[in-house]
Amino acid sequence: MNRLPVEKRAQIIRCLVEGNSIRSTVRITGSSKNTITKLLIDVGKACNKYQDEILRNLKCSRIQVDEIWSFCYAKQKNVPEKKQGTFGYGDVWTWTAICADSKLVPSYLIGNRDAWSAYVFIQDLQSRLAHRIQITSDGHHSYLQAVENAFGGQVDYAMLIKMYGKPQEEIRYSPSECIGTEVKKIQGNPDPKHISTSYVERQNLTMRMGMRRFTRLTNAFSKKVENLGHAVSLHFMHYNFARIHRSLRVTPAMAAGVTSKLWDIEDIVKLAD
């Protein structure tokens, strides 16, 4: 079977993790669209499997969680009637958690913005942690029962609820002005100094910059939710293991003690061999 050399595969993956679309990667690398898509699928699956196995018994102390919106196939209002209500058509939400100290992303989930997705996401997060933690989320109510189910009383949990002003027509593509915040202590004894969602919200921006599928007001969305999943797995593999965090001067995985080496793109590509 014909197989691209490691250097060529690494060039393709490097384009993808730097925010290029598949079509622009075709133009840059000269590889076909089908070749690039198949490589994304193979490497994405390998990245998901590796992170699922290695990101265990993590000694995180402070976790921030959030959800980020995207869509697949078509905008929700344009989804055909026969596809309405089918996951992968219209709105899709990616749930993410980040360690406030190491900046590691230990858990992520692609699903709906509902109680079941919150349950699965928080259960997965809990299974990866070594000891009691402090969690901060936004005001999304699905977190309440999900955190209770996963941690019981063994967690310090607070919500940071942001209040926004009314959007103005002339700035319709910008977020509304945040006019205040409300802190709700839900469980345990969370440290008020560390009740924040700043890091996970900044991680959302990193996702939009690093994955073309998450950019707004473009035609670069995912046509298949499965490919969105592979792109997200690749993104977090690169973010956690191969991208030096400027404030840490090491990768998040190194800061968290998950690995002692700086990965490169070739190492990521070889996971799929």
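Refer to the structure printed above.
All of these numbers come straight from a predicted model, not from anything done at the bench.

**Q** Help me understand the packing of aromatic side chains in this model?
**A** Ring pairs (aromatic) are described by centroid distance and by the angle formed between their planes. On inspection of all chains with the given rule, the structure shows 10 aromatic pairs. Taking the centre distance of 5.2 Å and the plane angle of 55° together, the rings of Y50 and W263 count as tilted. On the criterion of sequence distance, the pair formed by Y50 in helix 3 (residues 33–54) and W263 in the loop between helix 8 (252–255) and helix 9 (265–270) is long-range, its members being 213 residues apart. Aromatic pair Y73 and Y89: ring centres 4.8 Å apart, planes at 65°, arrangement edge-to-face. Linking Y73 in the loop between strand 1 (62–72) and strand 2 (90–99) with Y89 in the loop between strand 1 and strand 2, this pair joins segments that are 16 residues apart in sequence. Here the aromatic cluster, defined as three or more aromatic residues joined through ring pairs, consists of Y50, F241 and W263. The ring of F221 carries the charged tip of K223 above its face, separated from the ring centre by 4.4 Å.

**Q** Is there a simple way to think about a positive patch on the surface in this case?
**A** Where like charges cluster on the molecular surface, the positive patch consists of R23, R27, K33 and K223. If you trace the backbone, K223 turns up in the loop between helix 6 (198–210) and helix 7 (225–241).

**Q** What should I look at first to understand helix 7 in this one?
**A** Residue pairs three or four apart in sequence face the same way in an α-helix, which turns once every 3.6 residues. The first and last C-alpha atoms of helix 7 sit 24 Å apart over 17 residues, in line with the 24 Å expected at 1.5 Å per residue. With 16 of its 17 residues buried, helix 7 lies for the most part within the structure.

**Q** Could you clarify how one ought to interpret unusual backbone geometry in this entry?
**A** With the exception of glycine, the majority of residues adopt a negative phi angle, and the majority of peptide bonds are in the trans configuration. Despite not being glycine, N57 shows a phi value in the positive range, around 55°. Position of N57 relative to the elements: it lies in the loop between helix 3 and strand 1.

**Q** Please clarify how the packing of helix 1 (residues 6–17) against helix 3 should be interpreted in this entry.
**A** The axes of two packed helices give the description: the angle between them and the distance between them. At a minimum axis separation of 11 Å, helix 1 and helix 3 run at an interaxial angle of 85°. Judged on the interaxial angle alone, helix 3 and helix 1 are roughly perpendicular. Seen from helix 1, the contacting residues are R9, I12, I13 and L16; seen from helix 3, they are I36, L39, L40 and V43. The residue inventory of the contact of helix 1 with helix 3, partitioned by class, reads seven nonpolar, no polar and one charged.

**Q** What exactly am I supposed to notice about the packing of helix 4 (residues 115–127) against helix 5 (residues 142–151) here?
**A** Between helix 4 and helix 5, whose axes approach to 8 Å, the crossing angle comes to 35°. Handedness of the helix 4/helix 5 crossing: right-handed. The residues of helix 5 that touch helix 4, namely those facing A115, A118, Y119, F121, I122, Q123 and Q126, are S142, Y143, A146, V147, N149, A150 and F151. Residues of the contact of helix 4 with helix 5, tallied by class, amount to 10 nonpolar, four polar and no charged.

Basis of the calculations
Residues numbered from 1 in each chain as written. Predicted model: local features only at pLDDT ≥ 70, side-chain atom pairs only at ≥ 80, totals over all residues. Heavy atoms only, no water. Phe/Tyr/Trp six-rings, centres within 6.5 Å; stacked < 30°, edge-to-face > 60°. Helix = DSSP H or I, 4+ residues; strand = E, 2+ residues; numbered from the N terminus. Lys NZ or Arg CZ within 6 Å of the ring centre and 35° of its normal. Patch = residues over 30% accessible without salt bridge, like charges linked within 9 Å, V, L, I, M, F, W, Y side chains within 5 Å. Areas by Shrake-Rupley, 256 points an atom, 1.4 Å probe, with all protein chains shown as cover. Salt bridge = Lys/Arg side-chain N within 4 Å of Asp/Glu carboxyl O. Lys, Arg positive; Asp, Glu negative; His and termini not counted. Charge placed at Lys NZ, Arg CZ, Asp CG, Glu CD. Expected span 1.5 Å × (residues − 1). Buried < 20%, exposed > 50% of the residue type's maximum accessible area, 1.4 Å probe, protein only. Axes fitted to C-alpha atoms, helices over the stretch in contact; angles between N-to-C directions. Parallel < 35°, antiparallel > 145°, perpendicular 65-115°, else oblique. Contact = heavy atoms within 4.5 Å. Nonpolar A, V, L, I, M, F, W, Y, C, P; charged D, E, K, R; others polar. Left-handed = near helix turned anticlockwise from the far one by under 90°.

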